[in-house]
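Spelled out, the chains give:
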Amino acid sequence: YNSSSPLTNIEPMSETTSPVAKKARKSIDVCAPNDERVGRAARMMLSNPAYSVPQAMLAEDFTEGESKDRALQQRVRRLHSKLEKSASGVVADVKDVKPAAVVTATASKDFAPHIPLGLKACDFLTKSTDPFLAVQTCTDALDAAGFIKLSKRNPFAGVLKPGGSYYYTVNRSTLVAFTVGQKFKGGNGFKIIGGHTDSPHLKVKPISKRSGSGCVQLGVECYGGGLWHTWFDRDLGVSGRVFVRRTDPETGKEKVEQRMVRIAKPIARVSTLCIHLQTAEERGALKINKEEHLSPILGTQGLLEAGAKAQLNQFDDDDWRKAQEPSLMKLIASELGIEVKQIANFELGLFDIQPASLGGIENEFLNSARLDNLATCFVALESILEYSKSEDLVNDDMISLIALFDHEEIGSQSTHGAGSPVMAEAVKRITSAFCDVVNVEAHSSAVRKSFVLSVDQAHAVHPNYASKHERTHGPKMNAGVVIKTNQNQRYATNGVTGFIAREIGRKSNTSLQEFVVRSDCPCGTTIGPIISSNTGIRTVDLGMPQLSMHSCREVMGIADLTYGLSVFRSFFKHFNEIDESLEG
């Protein structure tokens, strides 16, 4: 591996990497252990196999206490020894570091080059359990790469500079990140990659307290169009945003902070009804009442109620807190290191705690929740981070931007969805920041020179249901990015934008697949038509193919992550050249 930041910027190894790292690549399961502290050392030593144990332990990513932890030192020493053994042809035995995604030396040559990016995607997906955490994972990486955080309330003029890299968030669940070409001027175009941060899941209701038949339950609401039967019998955690009251020590005034929480413990479960209590008709129908059948069980009433009531309700005059499940409030407070009375509100959802992993007989698949559409968010993030450091930026006269929106799964009509002013406002404000005076023509010119890749996961052909696809437009996993077309404009692709997308693929030697829904089937839609109609910017709809879309657990090919990154790189590098060659 070649990594400038051991935790967030793992890149494929160069050909000049030492024999130790080359052999270690064949047993990549040492690179992503569940023990995050040992994982840091693994990444450090793989990025520079000359690292000794003391060097790895004294690196800046370790605290002083960790570097002096003898047990941790022993584990890192064992790991270092195994890396040395792998250099002499012995496959490392890494059982003691409990890999999150076990990838053995049996991976074929066809898929081995894609595994590092696949493992990095696993880490991203496991951390990003909801839109808030997805945006936080992105901004952590952007901060580490030197991107400057902007305030939406302050003018951009005087702050933005050619060659600079910036980002801002809306509602902390929508992200806009961009890098400015060294030759950019107001009125020049924007190269935009759009995706979305949300996925179907169970959201906690405003009044979360619920119980029945001796069980403590949680009131939840279905968000989006999920395959809800896949949520049964899963180990569920909870994550999201918590509003925390605190007193400013300097002014004495009350402040309310927004804190993110991710409790990756099996605290909840939606259990199925046993087969013996269902009729044959009920078993065949598999009908789910979303209000009655999807409330998860947290525990048993007798054990939880007495202590929780004394802890919360007896001394609390806040009506909102009284309406919450006390055991959940206590757990959140413990996780954040605060008192229950400090919790003013929350916006929480449930998630399957099983980490993302590589699978398939050749480790060619990525199995995870929320691939639709966090796989796009991951690749878009990687592309903007990479391009911000590229030499191509020197001669670039455009803005390269990623926009990752919340609320796509429920129609995008919100203050921070794709149907909001966010996209048009970004183009207008960035353009204006590079104009000496207010210039309406500059904004209109920028719109006409711009282009959007609307990227949302695509439907791969399911071998058990192949007839559900149009016979000549059936995308396959690990075969490339998909262009999505619908003549009724459920997708934004047309003759011009489809041509540009294919040229982008051709410039990067990356084949693109084609998808058209069957004429006797309904067609989904994306943020593409919404953005193009709201802004007037030319748009094409693309996606990486996957199976099990909207399931609690989905699957895609790891090679398609590489192909997606290749297309995004080519877009940032070659779009202007392609666009200028197109007549009219």
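Above this text sits the structure in question.
Residues numbered from 1 in each chain as written. Predicted model: local features only at pLDDT ≥ 70, side-chain atom pairs only at ≥ 80, totals over all residues. Heavy atoms only, no water.

### As for the environment of Gly 359
Here is step 1: Among the secondary structure elements, Gly 359 is positioned in strand β13 (residues 357-359).
Here is step 2: The class for Gly 359 is buried, based on a relative accessible area of 10%.
Here is step 3: Sequence separation between Gly 359 and Val 555 is 196 residues, and the spatial gap between their C-alpha atoms is 9.0 Å.
Here is step 4: Residues in contact with Gly 359, not counting those within four places in the same chain, are Glu 364, Phe 365 and Asn 367. (Helix = DSSP H or I, 4+ residues; strand = E, 2+ residues; numbered from the N terminus. Buried < 20%, exposed > 50% of the residue type's maximum accessible area, 1.4 Å probe, protein only. Contact = heavy atoms within 4.5 Å.)

### Focus on the packing of helix α13 (residues 422-433) against helix α14 (residues 440-449)
Here is step 1: At a closest axis distance of 9 Å, the pairing of α13 and α14 adopts a crossing angle of 125°. Comparing their axes, α14 and α13 come out oblique. Like other packed secondary-structure pairs, α13 and α14 cross with a definite hand, here right-handed. Mapping the contact onto sequence places Ala 424, Val 427, Lys 428 and Thr 431 in α13 and Ala 442, His 443, Ala 446 and Val 447 in α14. (Axes fitted to C-alpha atoms, helices over the stretch in contact; angles between N-to-C directions. Parallel < 35°, antiparallel > 145°, perpendicular 65-115°, else oblique. Left-handed = near helix turned anticlockwise from the far one by under 90°.)

### Structural notes on the sheet that holds strand β20 (residues 538-543)
Here is step 1: The strand order across the open sheet built from nine strands is β3-β4-β5-β15-β6-β16-β20-β18-β19, with neighbouring strands paired in mixed fashion. At either end of the open sheet lies a strand with only one pairing partner, and these are β3 (148-149) and β19 (513-515).
Here is step 2: As judged from the six bridges shared by strand β5 (residues 174-180) and strand β15 (residues 399-405), these two strands associate in the antiparallel manner. Residue pairing across strands places Leu 175 opposite Leu 404, the latter belonging to β15.
Here is step 3: On the sheet, helix α7 (residues 131-144) packs against β4 (165-170), β5 and β15 and is oriented at approximately 25° with respect to β5.
Here is step 4: Packing against the sheet, helix α15 (residues 495-507) makes contact with β16 (451-455), β18 (482-484), β19 and β20, and its axis sits at approximately 55° to β20. (Pairing = 2+ DSSP bridges.)

### A few points about the state of the cysteines
Think of a disulfide as a covalent bridge from one cysteine sulfur atom to another cysteine sulfur atom.
Here is step 1: Applying the stated criterion to the full structure yields zero disulfides.
Here is step 2: Residue Cys 377 stays outside any disulfide, its sulfur separated by 6.1 Å from that of Cys 138, the closest cysteine.
Here is step 3: Summary of cysteine pairing: Cys 523 is not part of a disulfide, and the nearest cysteine sulfur, belonging to Cys 521, is at 9.8 Å. (Disulfide = S-S within 2.5 Å.)

### Comments concerning the side chain of Ser 566
Here is step 1: Structurally, the position occupied by Ser 566 is in helix α17 (residues 558-581).
Here is step 2: At 2.9 Å, the side chain of Ser 566 and the side chain of Thr 510 are in polar contact.
Here is step 3: Non-local contacts of Ser 566, meaning those with residues more than four positions away in its chain, are made with Ser 508 and Thr 510. (Polar contact = N/O pair within 3.5 Å; in protein donor to acceptor, adjacent residues only side chain to side chain.)

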